[in-house]
Amino acid sequence: MHVVIVGGGVIGLGIAWRSLSRGIRVTVVDPEPASKASRVAAGMLTPVTEANYGEDALLRLGIESRDRYPSFVAELEEVSGRDTAYRRDGVLQVALDSDDLAVLDELRRFQESLGLAAEALTGRECRRREPMLAPSTRGGLFAPDDGSVDPRRLSAALLAAVDRLGGTLVRDRAAEVLTDRDRAVGVRLAGGDTVHADQVVLAAGPWSHELKGLPPDAVPPVRPVKGQVVRLRGPFPLLGSTVRGLVRGSSVYLVPRADGELVIGATQEEMGYDTTVTAGGVWELLRDAHELVPGVTELAFAEVTAGLRPGSPDNAPVLGPSALPGLLLATGHYRNGILLTPVTADAMADVIATGEPPEVIRPFAPGRFRD
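No experiment lies behind these values; they were computed from the predicted model shown.

What should I look at first to understand the overall build of the chain in this one?
Summing up its helical and strand segments, the chain has eight helices and 19 strands in all. Taking 371 residues into account, the globule formula puts the C-alpha radius of gyration at 21 Å, and the chain, at 21 Å, falls close to it. Taken along its principal axes, the extent of the C-alpha atoms in the chain is 65 × 40 × 40 Å. Counting over 371 residues, the chain shows a buried share of 55%. For the chain, the proportion of contacts with a sequence separation of at least 24, taken over those separated by at least 6, is 73%. With an accessible surface of roughly 15100 Å², the chain has 49% of that area assigned to carbon and sulfur atoms.

Encoded structure:
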């Protein structure tokens, strides 16, 4: 069997690696693999910390994927020979005033109602865990099983694993899906060449709906959602683990790396395909980060980037067979692309090999929007 995967972000590369592990021949088509949202993302693995009302199915999917991460990265690091900087050292969510603390208290009750592991902490207990937090910290929640990974290292490891297992990487843009007798049989590249395959996986993030040749009911309903991220650097890690904060109703997160890098994010902007870095976006992130951890002003400015998340109508992924036979969809992961990489890769490899979506992804079938 031969499958062509359109899109070389962590989702497409993860599916490619897991498919190659099953003995399936794989071609990944992407002009600049691992260069879009996968490069900009901070890499938080926080299904419990980011639990929202009305998203129970997405929460269960996120927890399932988070719990697969240890074995996923262990196998990936062995195959690729590269470190992913995976950490499962918990995530601390803190509040800076009484209104923010009330929001966290409501979140705690919601988490408890779902049986999620989260510990309520006083402001002093938060500062004991993270001494660089602002003295005004009122309280927080600690999710011991959440964590983080470095998406840039994860992408590099996936690229290396795909290469070592014999996958083919075509650095060109897929312009059109090829069909024969109402079935997807490959793609035509922007350069004019064609790649024929038994199945096509569309994993091109917010560009997934731009592939020509799709019948209307097979076009994934995704849109770009802009996010700006700031990276600072110091001689040593400023924080011991990932910290999310509510600062007068505004949410900000800080993800530390072992080499002293601190990733601060992220804005959410409905700006189409615009990836301009703005002074206002950077100011908002640094303002809230400084309120939360005043010491960030002593760090060196390293980088600011903007990426596009693939949002769907219900902000949940679109996974599984489409209305066009032979075409599978793996897009719409919105803010959870890094978190959902293991479960998406495993499940989509199952679909490619057997034709049947596993139970874990059935709530996210493409057909849910057609009704």
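Past the structure itself, the notes keep going.
Is there a simple way to explain the sheet that holds strand β18 (residues 318-321) in this structure?
Two modes of strand pairing occur in sheets, parallel and antiparallel, and in both the strands are linked by backbone hydrogen bonds. Across the sheet, which stays open at both edges, the six strands sit in the order β8-β2-β1-β12-β19-β18 with mixed pairing between neighbours. Two strands bound the open sheet, and with one partner strand each, they are β8 (168-170) and β18. On average, adjacent strands in this sheet sit at an angle of 20 degrees to one another, irrespective of strand direction. Sheet topology places strand β2 (residues 25-29) next to β8; three bridges connect them, and they run parallel. Note on β8: the bridge partner recorded for Val29 is Val170. On the sheet, helix α1 (residues 10-21) packs against β1 (2-6), β2, β12 (199-202) and β19 (327-331) and is oriented at approximately 165 degrees with respect to β2.

Which parts of the structure should I look at to understand helix α7 (residues 279-292)?
Note that an α-helix has 3.6 residues per turn; residues three or four places apart therefore point the same way. For α7, with 14 residues, the first-to-last C-alpha span of 20 Å sits near the 20 Å given by 1.5 Å per residue. All of the buried residues along α7 are Gly281, Val282, Leu285, Asp288, Ala289 and Leu292. For α7, the buried positions fall inside an angular range of 145 degrees around the axis, keeping them on one side. Relative to its buried face, α7 has exposed residues pointing more than 90 degrees away, namely Ala279 and Trp283. Each element contacted by the buried residues of α7 is listed here: β4 (91-95), β13 (223-233), β14 (242-247), β15 (250-256), β16 (261-265) and β17 (300-311).

What should I look at first to understand the packing of α1 against helix α6 (residues 151-164) in this one?
Geometrically, a packed helix pair is captured by the angle between its two axes and the distance between the axes. Following both chains from N to C, one finds α1 and α6 inclined at 35 degrees, their axes separated by 9 Å at the closest point. Crossing hand, α1 versus α6: left-handed. Residues Val10, Leu13, Gly14, Ala16, Trp17 and Leu20 of α1 touch α6, and the partners they reach there are Leu154, Ser155, Leu158, Leu159, Ala161 and Val162. Tallied by class, the residues present in the contact of α1 with α6 amount to ten nonpolar, two polar and no charged.

Mind showing me how you'd approach the environment of Ala218 here?
Within the fold, Ala218 resides in the loop between β12 and β13. With relative accessibility at 1%, the residue Ala218 sits in the buried group. Excluding anything up to four places from it in sequence, Ala218 contacts Ser322, Ala323, Leu324, Leu327 and Leu329.

How do you make sense of the packing of aromatic side chains when you look at a structure like this?
The relation between two aromatic rings is expressed through the spacing of the ring centres and the mutual angle of the planes. Scanning the entire structure with this criterion turns up five aromatic pairs. A ring pair is formed by Trp17 and Phe72, whose centres lie 5.1 Å apart and whose planes are at 75 degrees; its orientation type is edge-to-face. One end of the pair, Trp17, is in helix α1; the other, Phe72, is in helix α3 (residues 56-80), and 55 residues separate them in sequence. Judged by its relative accessible area of 0%, Trp17 falls in the buried class. Centroid distance Trp207 to Tyr273: 6.0 Å. Interplanar angle 35 degrees. Geometry classified as tilted.

Whenever I open this one, α3 confuses me. Can you help?
An ideal rise of 1.5 Å per residue puts 36 Å on 25 residues; α3 measures up with 34 Å between its terminal C-alpha atoms. Buried residues of α3: Leu58, Leu59, Leu61, Gly62, Ile63, Ser65, Arg66, Tyr69, Phe72, Val73, Leu76 and Ser80, and no others. Here the buried face of α3 lies against α1, β3 (44-45), α6 and α8 (341-354).

Even after reading the chapter, I still don't get the pattern of salt bridges, so can you show me in this structure?
Any two side chains of opposite charge can pair, so long as their charged atoms come close to each other. Under the definition given, this model contains 32 salt bridges. The shortest N-O distance in the salt bridge between Arg153 and Asp150 comes to 3.7 Å. For Arg231, the salt bridge identified is with Glu303, shortest N-O distance 3.9 Å. Of this pair, Arg231 sits in strand β13 while Glu303 is found in strand β17, placing the two residues 72 residues apart along the sequence.

Scoring rules and cut-offs
- Residues numbered from 1 in each chain as written.
- Predicted model: local features only at pLDDT ≥ 70, side-chain atom pairs only at ≥ 80, totals over all residues.
- Heavy atoms only, no water.
- Helix = DSSP H or I, 4+ residues; strand = E, 2+ residues; numbered from the N terminus.
- Rg over C-alpha atoms; globule rule 2.2 N^0.38 Å.
- Buried < 20%, exposed > 50% of the residue type's maximum accessible area, 1.4 Å probe, protein only.
- Contact = heavy atoms within 4.5 Å.
- Areas by Shrake-Rupley, 256 points an atom, 1.4 Å probe, with all protein chains shown as cover.
- Pairing = 2+ DSSP bridges.
- Axes fitted to C-alpha atoms, helices over the stretch in contact; angles between N-to-C directions.
- Expected span 1.5 Å × (residues − 1).
- Arc of directions from axis to C-beta.
- Left-handed = near helix turned anticlockwise from the far one by under 90°.
- Nonpolar A, V, L, I, M, F, W, Y, C, P; charged D, E, K, R; others polar.
- Phe/Tyr/Trp six-rings, centres within 6.5 Å; stacked < 30°, edge-to-face > 60°.
- Salt bridge = Lys/Arg side-chain N within 4 Å of Asp/Glu carboxyl O.

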